[in-house]
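This is what each chain is made of:
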Amino acid sequence: MVFTVTGKPMGAGIDDLPIDVELVEDSTDSTLTMELATSTREQIESKTPILVGHLELLLREELGADEDSQVREMFSKAYKLLDLKDRPTKEMTAFSIFFFNRDVALLARQLLWVYRQRRETGGS
């Protein structure tokens, strides 16, 4: 929420907007249905920043990691994947980038499920 000088809310800030569930689902679906044998390196690489962005957005949400060890484990895996030293580079093979993207997409889907459950039950 953004506040004015008078302290009155000005409207929803970018961090207050809900996650676009359909967009995350579509992006992760398109990644998970890709086939390594029929995808070019450029197609594979083009997915990486989108998937990383979705995962970063989900990590900003209150998903109950303090109370739930499974969510905490998902967060730990996500932080490991997002560590800059573990992200794909130009020197990596398309195979490695492909499986990095799959790992990020699968984890994003898991966190998205938690996000949806918490929103439906009012946990967030």
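Residues numbered from 1 in each chain as written. Predicted model: local features only at pLDDT ≥ 70, side-chain atom pairs only at ≥ 80, totals over all residues. Heavy atoms only, no water.

(A) Fine view of the packing of helix H1 (residues 21-32) against helix H2 (residues 41-59). Following both chains from N to C, one finds H1 and H2 inclined at 140°, their axes separated by 10 Å at the closest point. Put simply, H1 runs oblique to H2. Between H1 and H2 lies a crossing whose hand is left-handed. Where H1 approaches H2, its residues Leu23, Val24, Ser27, Thr28, Ser30 and Thr31 are matched on the opposing element by Lys47, Ile50, Leu51 and His54. Class assignment of the residues belonging to the contact of H1 with H2 gives a composition of 4 nonpolar, 5 polar and 1 charged. (Axes fitted to C-alpha atoms, helices over the stretch in contact; angles between N-to-C directions. Helix = DSSP H or I, 4+ residues; strand = E, 2+ residues; numbered from the N terminus. Parallel < 35°, antiparallel > 145°, perpendicular 65-115°, else oblique. Left-handed = near helix turned anticlockwise from the far one by under 90°. Contact = heavy atoms within 4.5 Å. Nonpolar A, V, L, I, M, F, W, Y, C, P; charged D, E, K, R; others polar.)

(B) Quick peek at the packing of aromatic side chains. A full pass over the atoms with the stated rule returns 3 aromatic pairs. Ring geometry for Phe98 against Phe99: centres 5.1 Å apart, planes inclined by 85°, an arrangement best described as edge-to-face. (Phe/Tyr/Trp six-rings, centres within 6.5 Å; stacked < 30°, edge-to-face > 60°.)

(C) Up close: the pattern of salt bridges. Under the counting rule described, the total for this entry stands at 9 salt bridges. Close ionic contact of Arg116 with Glu25 constitutes a salt bridge, the shortest N to O distance being 2.6 Å. Of this pair, Arg116 sits in helix H4 (residues 94-121) while Glu25 sits in helix H1; the two residues are 91 residues apart in sequence, bridging distant segments of the chain. A relative accessible area of 35% places Arg116 in the partly exposed class. (Salt bridge = Lys/Arg side-chain N within 4 Å of Asp/Glu carboxyl O. Buried < 20%, exposed > 50% of the residue type's maximum accessible area, 1.4 Å probe, protein only.)

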